[in-house]
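The lines below spell out each chain.
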Amino acid sequence: MNSNSPIRLDDKLPGNTAANRQWGGRFTAGPSAIMQEINASIGFDRKLWRQDINGSLAHAAMLAHCGIITAADEHAIRDGLAAIAAEIEAGAFPFESALEDIHMNIESRLTERIGEAGKRLHTARSRNDQVATDFRLWVRDAIDGLDAQLADTMKALAGRAAAHAADPMPGFTHLQAAQPVTLGHHMLAYVEMLARDRGRLADARRRLNECPLGAAALAGTSFPIDREATASALGFDRPAANSIDAVSDRDFALEFLSTAAISAMHLSRFAEEIVIWCSAPWRFIRLSDAFTTGSSIMPQKRNPDAAELVRAFTGRINGALVALLTVMKGLPLAYAKDMQEDKEPVFDAAEAWALALAAIAGQVRDMQPDTARMKELAGSGFATATDLADWLVRALALPFREAHHITGRLVAAAEVAGCTLAELPLATMQSVEPRITSDVFSVLSVEASVASRRSYGGTAPERVAEQAARLLAQL
C-alpha cells in the first residue's frame with residue numbers, strides 16, 4: 001500500500017499481508033477485520049506522538065553512545081524523526097490503522113524515509129517499555145499543565161478573598177444558617193482544597209518520574225545499554241529498578257486519576273454553590289453572559305450551565321478512575337493487551353479536568369457578588385446565637401453547656417416574637433437569665449460576630465486579609 005494513500009476498506013480484509021508487515025516472518029496471513037479493529041489504538045494513542053519521538057531520540061542517542069548503532073545511523077534517525085514531527089504538526093502524517101499504534105506508525109514512516117537505519121531504532125527496546133515511557137511522559141506533561149491551572153484557579157479565588165475579606169455572608173452547616181462568615185473566608189476554603197490537589201499532583205509526579213526505557217519486553221536486554229543516560233535525557237530521576245514492574249505498572253496513571261477525581265469533587269462542590277448562589281431565592285451572585293445560557297422558551301432565564309457542566313464532569317472523571325482500576329485489578333505480570341485500555345480514560349479525564357478548572361477560574365473572575373444581599377442574610381436563622389452563648393461564658397462565667405441551654409431558650413423566645421436576637425428586648429432576655437446586661441447587644445450584630453473570630457484560620461476580616469495576601473504572594 002502506498003503510505004501516502006488514504007486507508008481503504010479492503011486494507012482491513014483478511015489476507016492483507018501489508019496489514020502486518022512489521023511482524024516479519026512469524027505471521028503469513030493478515031488479521032481479520034474484527035481483530036484489526038479491536039487491536040488498533042492509533043485512533044487515540046496518536047496523542048503520544050511527541051513523547052514517542054522524544055523517547056526514540058533519547059534511545060537512539062544512547063544506542064550510538066554505547067556503540068550499538070553507528071553515529072551515522074543515529075544522525076539519520078534524528079533527522080528522520082524531526083521530519084516526521086514536522087509532518088504530524090502540519091497534519092500531513094499518513095496514520096495507518098493497519099499499523100495498530102503510534103509507535104509502529106512512526107517507526108514504519110521512519111524506515112520509509114531513511115531506510116535500514118530506521119530498522120535499527122528498535123534495538124534493545126520493546127513496545128512494552130516504549131509505551132510505558134511515552135505514557136509516563138504524557139502524564140508528567142499533563143501534571144505540569146494542570147498544576148499551573150490549579151495555581152491560576154487558586155489565584156482567582158484568593159484574589160476574590162482579598163477583595164471581600166470583610167464582606168459578611170451566611171455560613172452554613174447542613175445548608176442551614178450557622179454563623180456569619182465573610183465571602184473572602186469562604187473563598188479561601190476552596191484555595192485550601194486546591195492546594196491539597198496540587199500537593200497530590202506533586203507526589204504523583206515524583207513517584208512516576210522513573211524511566212521504564214530499557215526494560216524491553218519484561219526481562220531487560222542483553223545489549224550493553226546505558227539506562228541512566230536515557231532516563232537523564234528524558235528528565236526522569238532514575239531508571240525503573242525492576243524490568244517486570246517497569247512495563248506492567250500503571251500506578252502513575254491511577255494516582256493521576258485519583259487526584260483528578262478528588263479535585264473534580266472539589267470543583268463540583270464549588271460549582272454547586274455557584275448554582276445555588278445564582279438562583280432567585282438566594283441572589284448572592286450574578287454571572288455574565290460569558291458563563292450563562294438562556295432558555296428556548298422562557299426569556300427571563302439565565303442558566304449557570306458552565307457550573308452545571310463542571311458538576312457533571314465529576315462523573316466522567318470518577319468513571320475514568322473506576323475503569324482503569326477495573327482493567328488492572330486482575331492482570332498477572334507482566335504486560336497484557338488489556339493495558340491498551342489505560343490511555344483513553346486518562347486522556348479524557350485530563351481534558352475534562354483542564355476544562356473544569358478553566359471554567360471555575362473564569363466564573364470566579366466573572367461573578368458579581370451582591371454583598372448587600374449576603375449581609376442581609378448573614379444574620380438570618382439566629383446566626384449570632386453562638387456569639388450570645390460565648391458572651392454568657394465570658395461575662396457571667398457560666399459553663400458553656402449552661403450558656404448553650406440559656407441561649408436556646410432565648411432563640412425560642414425570639415422565634416415566638418418574630419424578631420432577631422439583636423431585636424429581642426433586654427427585659428425578655430433577663431426573664432430567662434437575670435444577670436444579662438445591655439452589653440450583650442455588642443456581640444449580636446453580624447459585623448461584631450465576624451470581627452470576633454480572630455483565631456488562626458478564622459473568619460475575622462484581618463485574618464482573611466492576611467491569609468489571602470500570603471497565598472497570593474506564594475502564587
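Remember, it's a predicted structure, so these values are computed and weren't measured experimentally.

## A look at the overall build of the protein chain
On a plain count of helices and strands, the protein chain comes out with 19 helices and six strands. C-alpha extents for the protein chain along the principal axes are approximately 100 × 55 × 40 Å. Of all 475 residues assigned to the protein chain, the portion counted as buried reaches 49%. Taking as baseline every contact in the protein chain between residues at least 6 positions apart, the subset at least 24 positions apart corresponds to 73%. Here the protein chain carries 48 positive and 58 negative side-chain charges, and the mean point of each set is 2 Å from the other.

## Some remarks on the pairing of strand β2 (residues 176–182)
With six bridges joining them, strand β1 (residues 168–173) and β2 adopt antiparallel strand pairing. Note that in β2 the partner of P168 across the bridge is T182. In sequence, β1 turns back onto β2 through a hairpin of two residues, with H174 there showing a positive phi of about 60°.

## Regarding the state of the cysteines
Applying the stated rule across the entire model yields zero disulfides. Here C211 stays free of any disulfide, with the sulfur of C66 as its closest cysteine sulfur at 13 Å. Classification of C211 as buried rests on a relative accessible area of 1%.

## Let's talk about the pattern of salt bridges
This model, assessed by the stated rule, comprises 30 salt bridges. The residue E210 makes a salt bridge to R238 at a minimum N-O spacing of 3.5 Å. Pair noted here: E210 is in strand β3 (residues 210–211) and R238 is in strand β4 (residues 238–239), with a separation of 28 residues, a long-range link. You can call E210 partly exposed: its relative accessible area is 25%. Linking E462 and R454 is a salt bridge whose minimum nitrogen-to-oxygen distance equals 3.1 Å. A relative accessible area of 33% places E462 in the partly exposed class. Here the salt bridges share partners, and the residues they tie into one network are E87, R109, E112 and R113.

About the cut-offs
- Residue numbers here run from 1 along each chain, matching the order of that chain's written sequence.
- Local features in this predicted model are restricted to residues whose pLDDT is 70 or higher, and side-chain atom pairs enter the listing and the counts only when it is 80 or higher, whereas totals over whole chains, interfaces and linings include all residues.
- The side-chain figures draw on all heavy atoms in the structure; neither hydrogens nor water molecules are used.
- Helix and strand definitions follow DSSP, with helices as H or I runs of at least four residues and strands as E runs of at least two, each counted in order from the N terminus.
- Only protein chains enter the calculation, and the probe is 1.4 Å; a residue is then buried if its accessible area is under 20% of its type maximum, exposed if over 50%, and partly exposed in between.
- In this description, contact between two residues means that some pair of their heavy atoms is separated by no more than 4.5 Å.
- Counted as positive: Lys and Arg. Counted as negative: Asp and Glu, with His and the chain ends omitted from the count.
- By convention, charge coordinates are those of NZ in Lys, CZ in Arg, CG in Asp, or CD in Glu.
- Pairs of strands are assigned from DSSP output, requiring at least two bridges between the strands.
- The rule for a disulfide is simple: a pair of cysteine sulfur atoms within 2.5 Å.
- A pairing counts as a salt bridge when a side-chain nitrogen of Lys or Arg comes within 4 Å of a carboxyl oxygen of Asp or Glu.

Distances and angles like these do not, on their own, reveal function.
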